[in-house]
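Listed below are the residues making up each chain.
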Amino acid sequence: MKRLTTKEEEVMRFFWKNEALFVKELLAFYDEPKPHFNTLSTIVRGLEENGFLAHKTYGNTYQYFAVVGEDEYSQGALKRVISKYFDNSSLRAVSALVQHEKISIEELKKLIREVESQHQGEIGEDGGS
C-alpha cells in the first residue's frame, strides 16, 4: 500500500471520521486560511487514483468515500516502520518502545494479557488449528 503524504493523510482522516463527503464539504474542516477548492480536489482525485477513495456520482458532482479503512492503513504504516527501522523485528520495535518511551512493567504486563486474551479468542474461533 502506498504511503500517504501529510496532506493526503489529513484529508483521509476527514473521510475516516465523516464517511462520505463532497470536496466542498472538506473546506469546512479547515481553519483559515482554508486551502483552495482546486487544491483539495486534486488531492482527493489523487487519493482515488491510488485506491484510497471511490465516489458516487450525483449529477455533475462526486461524493467521495474511503475504500481503505484507517485500521488497514495504520497497520500498513506500522509494518513499514518496523521493516525500515527495526529490521522487520516486532520484538525490537517493542523493546525500543519499552526502553525509550518508558513503558512501565505494569503496562507491558497489561499488553501481554491483552495479546494472550486475543490469541485465546482466535484459537476458540478456529477450533485450535
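Residues numbered from 1 in each chain as written. Predicted model: local features only at pLDDT ≥ 70, side-chain atom pairs only at ≥ 80, totals over all residues. Heavy atoms only, no water.

Draft legend 1. Local environment of the sheet that holds strand 1 (residues 21-22). Spatially, 1-3-2 is the arrangement adopted by the three strands of the open sheet, whose pairing is antiparallel. Edge positions in the sheet fall to strand 1 and strand 2 (53-58), since each of these pairs with one other strand and no more. With six bridges joining them, strand 2 and strand 3 (residues 61-66) adopt antiparallel strand pairing. The partner of Leu 53 across the bridge, within strand 3, is Ala 66. Sheet strands in contact with helix 3 (residues 37-49) are strand 2 and strand 3, and its direction is about 115 degrees off that of strand 2. (Pairing = 2+ DSSP bridges. Helix = DSSP H or I, 4+ residues; strand = E, 2+ residues; numbered from the N terminus. Contact = heavy atoms within 4.5 Å. Axes fitted to C-alpha atoms, helices over the stretch in contact; angles between N-to-C directions.)

Draft legend 2. Spotlight on the side chain of Ser 41. Tracing the backbone shows Ser 41 in helix 3. Overall, the relative accessible area of 13% leaves Ser 41 in the buried class. A polar atom in the side chain of Ser 41 sits 2.7 Å from the side chain of Arg 45. (Buried < 20%, exposed > 50% of the residue type's maximum accessible area, 1.4 Å probe, protein only. Polar contact = N/O pair within 3.5 Å; in protein donor to acceptor, adjacent residues only side chain to side chain.)

Draft legend 3. Focus on the side chain of Gln 63. Within the secondary structure layout, Gln 63 lies in strand 3. If we skip the residues at most four places from it in the chain, Gln 63 touches Ala 20, Leu 21, Phe 22, Ala 54, His 55, Lys 56 and Tyr 58.

Draft legend 4. Here's a closer look at the environment of Val 67. Tracing the backbone through its elements, the reader meets Val 67 in the loop between strand 3 and helix 4 (70-85). Along the primary structure Val 67 and Leu 53 are separated by 14 residues, whereas in three dimensions their C-alpha atoms are 5.2 Å apart. Discounting residues that sit within four places of it in the chain, Val 67 has contacts with Gly 51, Phe 52, Leu 53, Ala 54 and Glu 72.

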